[in-house]
Amino acid sequence: MQWLVTVLIWFFLSESRGFEIPTNGLPEFSEYGDLMELAPGKFQFVPENQRHQRSVSGESGETMEDVDQVTLYSYKVQSTITSRMANTMIQTKVVNNSPQPQDIMFDVQIPKGAFISNFSMSVDGMTFTSSIKEKTVGRALYSQAKAKGKSTGLVRSSVLDMENFKTEVNVLPGAKVQFELHYQEVKWRKLSSYEHRLHLQPGRLAKHLEVDVWIIEPQGLKFLHVPDTSDGHFDGIPVISKGHQKAHVSFRPTVAQQRKCFNCSETAVDRDLVVVYDVNREENAGELEVFNGYFVHFFAPDHMDPIPKNILFVIDVSGSMWGVKMKQTVEAMKTILDDLRTDDQFSVVDFNHNVRTWRNDLVLATKTQVADAKRYIEKIQPNGGTNINEALLRAIFILNEANNLGMLDPNSVSLIILVSDGDPTVGELKLSKIQKNVKQHIRDNISLFSLGIGFDVDYDFLKRISNENRGIAQRIYGNQDTSFQLKKFYNQVSTPLLRNIQFNYPPTSVMDVTQNSFHNYFGGSEIVVAGKFDPEKTEQLQSIITATSANTELVLETLAQMDDLEDFLSRDKHADPDFTRKLWAYLTINQLLAERSLAPTAAVKRKITKTILQMSLEHHIVTPLTAMVIENEAGNERMLADSPPQDHSCCSGALYYGSRVAPTSLPSWANPSPMPRIPMPAKGAPVLEATPPPHVMRVENDPHFIIYLPKSQKNICFNIDSEPGKILNLVSDPESGILVNGQLIGAKKPKNDKLSTYFGKLGFYFQSEDVKIEISTETITLRRGTRTSSLSWSDTAQIMNQRVLVTVKKEKTVTITLDKEMSFSVLLHRVWKKHPINVDFLGIYIPSTNKFSPKAHGLIGQFMHEPKIHIFNERPGKDPEKPQASMEVKGHKLVVTRGLQKDYRTNSVFGTDVPCWFVHNSGKGFIDGHYKDYFVPQLYSFLEQP
């Protein structure tokens, strides 16, 4: 019997239950009926109960063409994405209606870097299943029993970021074939979104064509849309159901809708279905997810000022770049230069057999310099050979020299971007020697990114030289799309937000952590770290991230929410309970493959190879070291799926290649909070880790001032009754350059004809440091000069800027410390969002100190130099529980009332009673002048004193 070459899929009357696609709606998405919305593009969303009316072609009386001798009965694609881990299944069922054997090829495009995990085929009753073997073992098994008329394998595709899985089968008349392929991949965030791309290529009209994508993201979906990739042909056919944490995209065209035209027998389904989405992020410290003995940490902070960059563009202008490639490169470079920020420094190195520079040193990206650089690039005429070695060394020399001369901002980021389309032909030709030369001369604060145009360049060399020098390589496909690819890559690295990022976890409870130290973090991307977690060692997992932003040192802390995640996943049948293990394995294997290519000795390489092989076999995935053996039940017919030549950069699609450091090797300046003890209190408010000083000056509620006078050991209280929007000066010390102001907000409505006011925003200004800190009920923002760092109350973090330390405890407090001697604490008070009257507000606590100058003033500052008071003649008041007394202060004799106020530092819900003597009439007589004298026009305005 002669077997044909193809991937044809046998039609079974009964489908495997594990991959059955429901046709009567999805109950778990029924709750989203009122959330249907139009995504960008022209796709129309319809309710779930209408979705399948056009999916079953038989209901409308449609028939398939009799002239087609091979019937594609069904074509199904199913993807589930659980916390960025995507599992995809492609299944087809085919019947040969011809009286003759038919040769048919099944060709599936899968994303480059995806791991194939399973493959099965049934040909006219003969079932083939797959197993993963070490590559030489798999080839030996294949040679013992080669299947007749069948073949399969992975080949590299010329399509951007795709590979082809091909299977060839000879199908006898009347034969039925089913083919099913499974692969997995990680969704990498690029330019502020994730993209899931499915290449749909049934090859012919399918009686049943069903594509389903389920997305389950515990962080919540920020947005999701399906761009139009069909030039309007499939308007209204994709259907989106979207909820807060999950979504479903369905594409089920009828036979008539699949046709290229009304009378056409060809299918129009030969394009990508693309789903673009992003998730919500409340914490700058990222999302730490723990499940089934593994953890995954997603880190993608935003709302930070970009770090200035020093960038060298090294462009290949050899003869091979002539034509479209050079034209597209010039077009891209002109756009890239226009996108440089004014505080960026740059230059251009172009090379063929010689090396030239537009400028021999770095210059600021002013409009004049950018315009001149664009004119220089436009005049380039490609010719000659390729001297990569000399070009890279020249770029490194320019950056090193600028650093030696003190021309680089110490907080800046240095990048080299190499663009080349071929191997060296002039100068140093030995690739290992070029790699060694670069490594020898480049400083450890420079990142090298390599863009290889086309397939003539040694891409493996570009990967090695980039990974070894804190960058990555990316293949650019030489076509009319080259300019777009170059610009897209630059956009990914154009906005550095952090540098020297390090992830730390308790070493007693975690192991086998993936790369956890990274040179840079770029805006719009995401760093992912994973590892194994032992819940027997500790009940909670805490992470500590240290990093440097544009103007500060950061310490970010977070605790994993473990029970919540387990409950959430258990309620969704599409959620992958194994996502943490798969994601850890995917990262680890890819990173080990990259490390293997950089192994300094043969012994190290053998050790890494052994680990990769063990993991590949354990996790049943095809890697460059394994092969998939596909055989029938009898074992006398086998096929072999071998991976193509390695074309992986680390984590294929990731923007970062980092390193592993000891989990406890924190920088010396980092001072994270201690790990909270387990179990946490079951009742009451959480207790702060450090015991607060007992005697401080406080402002709480609407607003109540509590002034502690240490010499008299008395608390004196007063209220300020003002109106929303007014800014009150609390501390104004122009001599020491310290300022604290507070802006009032109002309740939602009056109560008993009185509108309560609270502090909704506080401003701190340390003039000598040029540091301004704004704290609202939503965010904490630190500004130094023109640079800004922001945190939310969802973070636990530290920001350090020379003498100023800002410490944030999640949803609790912000503490500002100056020179470790003077501190201010701000407490956050959250109320029920639907409360008819109350609003969120802030309380402030300032310990008494002699660090202020004699000129310190303000509603609180004036009491840093304690006035003399005398309280006497205590007597019953109108309220028996609130006695009255007389108080002499500042030449005034006042009537004061004994009462209680609250200190919320140790109990954020109920507070602790603080006895005090209350001064009536907004503190009149106790404070200097009238309370309106303390109004200031701006949040950072000093108080004008008479």
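Everything here concerns the structure above.
These figures come from a predicted structure and were not determined experimentally.

## Points about the sheet that holds strand E12 (residues 239–242)
- Read from one edge to the other, the open sheet built from 10 strands follows the order E12-E13-E10-E1-E2-E8-E4-E5-E30-E31, with strand pairing classed as mixed. Since the sheet does not close on itself, it has two edges, and those belong to E12 and strand E31 (638–642), each with one partner. Averaged over neighbouring strand pairs, the angle between their axes works out to 15° when direction is ignored.
- Where strand E1 (residues 70–82) meets strand E2 (residues 85–96), 12 bridges bridge the pair, whose relative direction is antiparallel.

## Topic: the pattern of salt bridges
- Going through the model one piece at a time under the given rule, you end up with 39 salt bridges.
- Among the salt bridges present, the one from glutamate 217 reaches arginine 84, with a minimum N-O distance of 2.7 Å. Linking glutamate 217 in the loop between strand E10 (206–216) and strand E11 (221–225) with arginine 84 in the loop between E1 and E2, this pair joins segments that are 133 residues apart in sequence.
- Given the relative accessible area of 0%, arginine 84 is considered buried.

## Re the nonpolar core
- The biggest cluster of nonpolar side chains holds 132 residues, and the ones touching the most others in it are Phe764 and Phe926.
- Considering every element that reaches this core, the biggest residue donor is helix H4 (residues 324–338), with six residues.
- If we ignore the near neighbours within four places in the chain, the residues touching phenylalanine 926 are Ile707, Ile716, Phe718, Gln862, Phe863, Met887, Val889, Lys890, Leu894 and Val919.
- Counting 55 residues, the second largest nonpolar core, distinct from the first, contains Tyr183, Val211, Leu221 and Ala268.

## Quick notes on the state of the cysteines
- Scanning the model with the defined rule gives two disulfides in all.
- A sulfur-sulfur separation of 1.7 Å characterises the disulfide bridge that pairs cysteine 261 with cysteine 264. Across the S-S bond linking cysteine 261 and cysteine 264, the dihedral sits near 90°, which makes this disulfide right-handed.
- At a sulfur-sulfur separation of 1.9 Å, the disulfide partner of cysteine 717 is cysteine 916. Because the torsion about its S-S bond is -130°, the bridge between cysteine 717 and cysteine 916 counts as left-handed. Placement of cysteine 717 in strand E34 (residues 714–719) and of cysteine 916 in strand E49 (residues 912–919) is noted, with a sequence separation of 199 residues between them. Cysteine 916 carries the same exposure label as cysteine 717, and that label is buried.

Scoring rules and cut-offs
- Residues numbered from 1 in each chain as written.
- Predicted model: local features only at pLDDT ≥ 70, side-chain atom pairs only at ≥ 80, totals over all residues.
- Heavy atoms only, no water.
- Pairing = 2+ DSSP bridges.
- Helix = DSSP H or I, 4+ residues; strand = E, 2+ residues; numbered from the N terminus.
- Axes fitted to C-alpha atoms, helices over the stretch in contact; angles between N-to-C directions.
- Salt bridge = Lys/Arg side-chain N within 4 Å of Asp/Glu carboxyl O.
- Buried < 20%, exposed > 50% of the residue type's maximum accessible area, 1.4 Å probe, protein only.
- Core = buried A, V, L, I, M, F, W, Y, C linked by side-chain atoms within 4.5 Å.
- Contact = heavy atoms within 4.5 Å.
- Disulfide = S-S within 2.5 Å.

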